[in-house]
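# Notes for the structure review
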Amino acid sequence: MHDSFRMKVEDLHDVGGILADQDGVWFVDNEPVPGAREALARIRERALPLRIISNTTTRTSDELAAKMRAMGMHVDAREVISPPRVAAQMLRARRVKRARLVVSDAIRSEFEGIEDAPHPEVIVIGDIGERWSYALMNDLFRMVLEGAEIVALHRGRYWQVADGLKLDIGAFIAGLEYATGSIATVVGKPSPAMFKAAVDDMGLGPDDVVMIGDDVHHDVHGAQNAGIRGVLVKTGKYRDALVASTGIKPDLVIDSIAVLAGVL
């Protein structure tokens, strides 16, 4: 079976650092994936650099780290690379003063110093749950026609919740792009910028690390486009048929993150 992949399970033993998605890899909702705690413990024993690259846009990096700690997996906030933090840094670097923040109230603190304005330079779009509506989409449509740039914290297609797959914000991003003819600037995965930020933060190169995720588009293919090997786990949103239909070839497929406990 390994012959169809670019790497073997044993190759994981020699990596210099690990990038990993969060939800669907370490846990699903609030339940740890079996063996995840042991895998993380082994990473710590080996003193391997670790960065969690999450597309979650409803929690700050501090909150994302705290969620894992509550499940018995110690992760520091500095190890979490999240789209809100990266997007806010990007806007400040570009000296953006006015933005329409279509984001969860929980992460507004990340955008301190940027005015949430009705006539923005930029529209920042993240997860807002059930607040999506035709009226909101129409308002955003008009803002883009007036010159506002679309900045998407990610453009996920779907994600895994307790009762199955759920539509993600990529559908709304695509709708705005189609109606306005504009192309969104995507901050989160699969943007190479997210992977580069994580690798640079570890002081390593793309060849030194692997990216482990449950999303073949955003985790695996995104990493591969950044020159990083992509490892797909069969947990979270993984579905055989969905993966087969993409034509994307992971460098390796493993049953779960628990495999690391034995390999490392």
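Above this text sits the structure in question.
Residues numbered from 1 in each chain as written. Predicted model: local features only at pLDDT ≥ 70, side-chain atom pairs only at ≥ 80, totals over all residues. Heavy atoms only, no water.

A tally of helices and strands in the chain yields nine helices and 15 strands. Over its C-alpha atoms the chain spans a radius of gyration of 18 Å, differing by no more than 12% from the 18 Å that the globule rule assigns to 264 residues. Here the C-alpha coordinates of the chain stretch approximately 55 × 35 × 35 Å along the principal axes. Of all intrachain contacts in the chain linking residues separated by at least 6 positions in sequence, the fraction that spans at least 24 positions is 65%. Just so you have it, the chain exposes about 11900 Å², and 50% of that area is on carbon and sulfur atoms. Averaging the positions of the 31 positive and the 38 negative side-chain charges in the chain gives two centres separated by 2 Å. (Helix = DSSP H or I, 4+ residues; strand = E, 2+ residues; numbered from the N terminus. Rg over C-alpha atoms; globule rule 2.2 N^0.38 Å. Contact = heavy atoms within 4.5 Å. Areas by Shrake-Rupley, 256 points an atom, 1.4 Å probe, with all protein chains shown as cover. Lys, Arg positive; Asp, Glu negative; His and termini not counted. Charge placed at Lys NZ, Arg CZ, Asp CG, Glu CD.)

What follows covers the environment of Ser61. For Ser61, the location among the structural elements is in helix H2 (residues 61-70). On the basis of relative accessibility, which here comes to 0%, the residue Ser61 falls in the buried class. Note: C-alpha distance between Ser61 and Val80 (19 residues apart in sequence) is 5.7 Å. Here Ser61 is in contact with Ala77, Val80, Ser82, Arg85 and Glu110, once residues within four sequence places are set aside. (Buried < 20%, exposed > 50% of the residue type's maximum accessible area, 1.4 Å probe, protein only.)

Let us now look at helix H5 (residues 170-180). Where H5 is concerned, the buried positions are Gly170, Ile173, Leu176, Glu177 and Thr180. Buried residues in H5, looked at end-on, bunch into an arc of 125°, giving them a common side. Residue Gly181 follows H5 closely and has a positive phi angle near 80°. (Arc of directions from axis to C-beta.)

So, about helix H1 (residues 36-45). Turning to H1, its buried residues are Ala36, Ala39, Leu40 and Ile43. Summarising the axial view, the buried residues of H1 lie within an arc of 95°, below the 170-degree limit, and thus occupy one face. Each element contacted by the buried residues of H1 is listed here: strand E1 (17-20), strand E4 (50-53) and helix H9 (259-263). In the segment just after H1, Ala47 is the residue with positive phi, at about 60°.

Counting residues in each nonpolar core, the largest one holds 43 residues, and the members touching the most others are Ile18, Trp26, Ile212 and Leu260. Looking at which element gives the most residues to this core, the answer is H1, with four residues. Once residues lying within four places of it in the same chain are set aside, the contact partners of Ile18 are Ile43, Leu48, Pro49, Leu50, Arg51, Met202, Val210, Ile212, Leu260 and Leu264. Ile114, Leu153, Val199 and Val209 belong to the second largest nonpolar core, which has 28 residues in total. (Core = buried A, V, L, I, M, F, W, Y, C linked by side-chain atoms within 4.5 Å.)

The next subject is the sheet that holds E1. On the basis of which strands lie adjacent, the open sheet formed by six strands has the order E5-E4-E1-E13-E14-E15 and parallel pairing. For this open sheet the edge positions go to strand E5 (80-81) and strand E15 (252-254), each flanked by a neighbour on one side alone. As paired elements, E1 and E4 share three bridges and run parallel to each other. Note on E4: the bridge partner recorded for Ile18 is Leu50. (Pairing = 2+ DSSP bridges.)

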